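Structural overview
Residue strings, one per chain:
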Amino acid sequence: AEEEEEEEAAGGGLQITPQLLKAATGEFSLESILLLRLRGRGIAGLGCLAACANLEWLDLSGNAIARLDALAALPALAVLNLAANRVADAAPLAACHNLQVLNLAGNRLRALRQLRCLTGLRRLESLRLRDPLAGLANPLCAAPAYRSAVAGMFPGLKAIDGERLCGRGSELYQLCRDLDTSLGRGAGGAGAGAGGGEHPGAAQPWVDAGFWEPRPRRRSSIVEEAYRQFGEVLRECRELGRRADDTIAQAERALASRPDPSSFVF
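This write-up is about the structure you can find in this document. Everything quoted here is computed from the prediction, not taken from an experiment.

**Some remarks on the sheet that holds strand 4 (residues 57–59)**
Sheet architecture is open: 7 strands sit in the order 2-4-5-6-7-8-9, paired in mixed fashion. This sheet does not close on itself; its edge strands, each paired only once, are strand 2 (35–37) and strand 9 (163–164).

And the structure:
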């Protein structure tokens, strides 16, 4: 019965259309949209969202969305906020291989096994299923030690429900683990040489080749949006400064044109 209600809501609610996308972003081409905010619009269906093939940052929180099929066509998606919707199946997100931040708080995910479809998302660093401040959660959050279970299911996560995990998934944790492994191999080789007269093996590197090489910078829609907003604020400040200078100049001319009161004789 619940699934039927979701189907009816998806069919009768607001759908995402090209007109809505263009009005919300100011972009003429849907493929040019990199960042999209459609929070609290009463949206029930994703409509033509799959046409935004280059979308990187998407906020659909506070809507009535139940089906996520269209998101499977967005391979560049890195940040996704679906908080406070009606999602009961996250399987389509398994195709979003670039996903790094995912917010599913306040949906209808009932069991931890429903998250197994997302374990192939190797870049996923932050997963939110519960938001105490906003009073949002999923039914699966009632499971005992569910955060530990999620951490075990996604070993690459750096944060769950907004709380950073101690070491797990971090580069320092990985470095220490590689160091321990290398030291273990060295100790084993030394022991073998002492007992059997064999020469210890060649020293192994602590980390894989290229670990310390700087990562290439990747164009980020979030940074681009921040630069755009900063540019707009800067232009507004300059315009206000220009207007202030004009007003001051007019006031100075007006004061200069007035006769000196001391020149009047009463």
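**Some remarks on the pattern of salt bridges**
Scanning the model with the defined rule gives 8 salt bridges in all. Residues arginine 67 and aspartate 69 are paired through a salt bridge, measuring 3.0 Å at the closest nitrogen-oxygen approach.

**Things to note about helix 3 (residues 146–153)**
Inspection of helix 3 places Tyr146, Val150, Ala151 and Met153 among the buried residues, and these make up the whole buried set. Looking straight down helix 3, one finds its buried side chains confined to an arc of 165°; they lie on one side. Residues of helix 3 that are exposed and angled more than 90 degrees away from the buried face: Ser148 and Gly152. Buried-residue contacts for helix 3 involve strand 7 (126–128) and strand 8 (159–160).

**Side note on the nonpolar core**
Among the nonpolar cores identified, the biggest contains 47 residues, and Ile16, Leu21, Leu49, Leu71 and Leu129 are the most heavily contacted of them. If you tally residues by element for this core, the top one is helix 3, at 4 residues. Once residues within four sequence positions are removed from consideration, leucine 21 is found in contact with Ile16, Gly26, Leu30, Ile33, Leu36, Leu38, Cys48, Leu49 and Cys52.

**Re the state of the cysteines**
Per the counting criterion, the structure on display carries 0 disulfides. For cysteine 52, which is in no disulfide, the shortest distance to another cysteine sulfur is to cysteine 48 and amounts to 6.3 Å. Note on cysteine 52: relative accessible area 0%, which makes it buried.

**What to know about unusual backbone geometry**
In the Ramachandran plot, alanine 84 falls in the positive-phi region, its phi being about 60° despite a non-glycine side chain. When you line up the elements, alanine 84 lands in the loop between strand 5 (79–81) and strand 6 (101–103). Residues other than glycine seldom take positive phi values, yet alanine 145 does so here, at roughly 50°. With respect to the secondary-structure elements, alanine 145 resides in the loop between strand 7 and helix 3.

**Section: the environment of valine 87**
With respect to the secondary-structure elements, valine 87 resides in the loop between strand 5 and strand 6. Valine 87 has contacts with Ile65, Ala66, Leu68, Asn107, Arg108 and Leu109, leaving out every residue within four places of it along the chain.

Thresholds, definitions, all that
- Residues numbered from 1 in each chain as written.
- Predicted model: local features only at pLDDT ≥ 70, side-chain atom pairs only at ≥ 80, totals over all residues.
- Heavy atoms only, no water.
- Pairing = 2+ DSSP bridges.
- Helix = DSSP H or I, 4+ residues; strand = E, 2+ residues; numbered from the N terminus.
- Salt bridge = Lys/Arg side-chain N within 4 Å of Asp/Glu carboxyl O.
- Buried < 20%, exposed > 50% of the residue type's maximum accessible area, 1.4 Å probe, protein only.
- Arc of directions from axis to C-beta.
- Contact = heavy atoms within 4.5 Å.
- Core = buried A, V, L, I, M, F, W, Y, C linked by side-chain atoms within 4.5 Å.
- Disulfide = S-S within 2.5 Å.

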